[in-house]
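# Topology and contacts: notes
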Amino acid sequence: MSKRVPISFEFFPSKTDAGAEKLRTVHKELQLLNPEFFSVTYGAGGSTRERTLSTLNDFNGKGTPVAPHLSCIGDDKARITELLDIYKSQGIDRIVALRGDLPSGQVGLGELPYAQDLVRFIREHSGDYFNIEVAAYPEMHPQADSFDADIKRFCEKANAGANSAITQFFFNPDAYFYFVERIQKEGVNIPVAPGIMPITNASNLIRFADGTGAEIPRWIRKQLAAYGDDVESIKAFGHEVNLKLCERLIEGGAPSLHFYTMNQTEPNRQLVLDLGLA
Ligand code: FAD
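Read on for a plain summary of the structure.

## A look at the nonpolar core
Ranked by internal contacts, the top residues of the largest apolar core, which has 83 residues, are Phe-154, Phe-171 and Leu-257. Looking at which element gives the most residues to this core, the answer is helix α9 (residues 231-251), with 8 residues. Setting aside its immediate chain neighbours within four residues, Phe-171 contacts Met-197, Ile-199, Leu-205, Glu-215, Ile-216, Pro-217, Ile-220, Val-241, Asn-242 and Leu-245.

## So, the site of the ligand
Neighbouring the ligand are 23 residues; Tyr-42, Asp-101, Tyr-137, His-141 and Asp-150 lie closest to it. Separating an oxygen atom of the ligand from a side-chain N or O atom of Asp-101 is a distance of 2.6 Å. Within the side chain of Arg-153, one N or O atom sits 3.3 Å away from a nitrogen atom of the ligand. Contact with the protein chains removes 85% of the 980 Å² of surface that the ligand exposes when unbound.

## Brief notes about the packing of aromatic side chains
The tally for this structure, following the rule as stated, stands at 12 aromatic pairs. Summarising the aromatic geometry, the rings of Phe-11 and Phe-38 are spaced 5.1 Å apart at their centres and angled 15° between planes, so their arrangement reads as stacked. Here Phe-11 is found in strand β1 (residues 7-11), whereas its partner Phe-38 is found in strand β2 (residues 37-40), with 27 residues between them in sequence. One exposure class covers both Phe-11 and Phe-38, and it is buried. Aromatic pair Trp-219 and Phe-237: ring centres 6.2 Å apart, planes at 85°, arrangement edge-to-face. Linking Trp-219 in helix α8 (residues 218-227) with Phe-237 in helix α9, this pair joins segments that are 18 residues apart in sequence.

## Overview of the sheet that holds β2
Two pairing modes exist for strands in a sheet, parallel and antiparallel, and in both the strands are linked by backbone hydrogen bonds. Spatially, 8 strands are ordered β1-β2-β3-β4-β5-β6-β7-β8 in a closed barrel, and the strand pairing comes out parallel. For this sheet, the mean inter-axis angle between neighbouring strands, taken without regard to orientation, is 30°. Sheet analysis places β1 next to β2, joined by 4 bridges and oriented parallel. Within the sheet, the bridge partner assigned to Phe-9 lies in β2 and is Phe-38. Contacting β3 (66-71), β4 (94-98) and β5 (131-136), helix α4 (residues 115-126) crosses the sheet at an angle of about 145° to β4.

## Quick notes on unusual backbone geometry
Cis geometry is adopted by the peptide bond preceding Pro-267, which originates at Glu-266 and carries an omega value of 5°. On the secondary structure map, Pro-267 appears in the loop between β8 (257-260) and α10 (268-274). In this structure, Met-140 is a non-glycine residue whose phi angle is positive, near 80°. For Met-262, which is not glycine, the phi dihedral falls at a positive 55°. Structurally, Met-262 is set in the loop between β8 and α10. By relative accessible area, which is 28% here, Met-262 ends up partly exposed.

The rules behind the values
Residues numbered from 1 in each chain as written. Predicted model: local features only at pLDDT ≥ 70, side-chain atom pairs only at ≥ 80, totals over all residues. Heavy atoms only, no water. Core = buried A, V, L, I, M, F, W, Y, C linked by side-chain atoms within 4.5 Å. Buried < 20%, exposed > 50% of the residue type's maximum accessible area, 1.4 Å probe, protein only. Helix = DSSP H or I, 4+ residues; strand = E, 2+ residues; numbered from the N terminus. Contact = heavy atoms within 4.5 Å. Near = heavy atom within 4 Å. Polar contact = N/O pair within 3.5 Å; in protein donor to acceptor, adjacent residues only side chain to side chain. Areas by Shrake-Rupley, 256 points an atom, 1.4 Å probe, with all protein chains shown as cover. Phe/Tyr/Trp six-rings, centres within 6.5 Å; stacked < 30°, edge-to-face > 60°. Pairing = 2+ DSSP bridges. Axes fitted to C-alpha atoms, helices over the stretch in contact; angles between N-to-C directions.

Shown next, in the form of structure tokens:
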């Protein structure tokens with residue numbers, strides 16, 4: 001059994017009533033595992049604004065705290081202020097602050113071009129009220145000029161007032177440990193929670209990885225390819241991979257784990273149970 005660390009879960013706002021209803025069930029099931037918070041994603045440029053708010057309304061005040069994601073690219077300060085005021089009035093005090101990615105074809109960075117600008121803006125607007133999480137990329141953000149430049153930008157973001165960070169998903173624990181070592185050498189000591197991506201479907205996983213710059217090691221790709229359409233074998237293999245990854249991360253000092261649930265109870269619940277973190 002692993003050392004006990006806090007856990008959190010990420011949801012995305014559903015596009016349909018049926019999806020929203022199903023998410024309420026998933027929320028109830030995952031809440032039994034006693035997470036620290038549920039975060040809810042936000043489409044850059046405000047594309048999911050209403051649905052993010054409605055998902056938060058479903059879960060806010062029902063036990064576990066909620067944490068909205070908030071992106072700045074393509075949004076202006078007035079709209080961001082409005083959201084911050086809504087969250088404050090609802091007693092929500094944790095925010096995941098991001099730059100976001102605009103759909104291709106849309107140009108213009110807006111008034112707050114980078115996540116560090118958003119963090120600074122939230123601090124100016126609300127002082128210390130919000131606990132601010134930011135994104136971290138152990139395998140480098142795909143648009144960064146270099147690994148070193150990305151580390152520097154991450155540290156600027158932390159120094160702008162972030163309390164903690166959540167990583168993009170990864171399967172190489174050494175990348176995570178190296179990232180943490182590098183930021184600590186720069187004097188940044190905020191907790192960095194590894195983001196854990198369930199493996200249940202090979203093509204989805206490859207698509208997410210390609211879109212985010214996360215690397216799927218060759219041995220995992222090959223094994224997934226060998227299973228073809230055998231979903232049960234993929235799930236069993238994925239569970240084993242993530243179980244070992246989480247165990248190594250916890251042993252190596254990861255302060256908490258954040259699960260990209262994909263709005264599903266399993267395999268997240270089983271993983272948490274097998275790690276003894278419920
Ligand atoms: P930033 O920290 O601003 O970094 C973006 C890039 O700009 C990096 O390459 C960085 O090195 C560089 N950079 C930073 N500052 C400067 C500067 N001053 N000058 C020049 N270059 C700079 N996206 C969404 O749209 N909605 C979500 O809900 C969402 N949730 C996420 C949750 C997590 C945990 C993670 C890891 C990602 C999430 N994303 C989400 C994706 C994220 O928005 C994208 O990865 C986006 O491309 C970068 O966001 P960021 O906050 O890391 O940006």
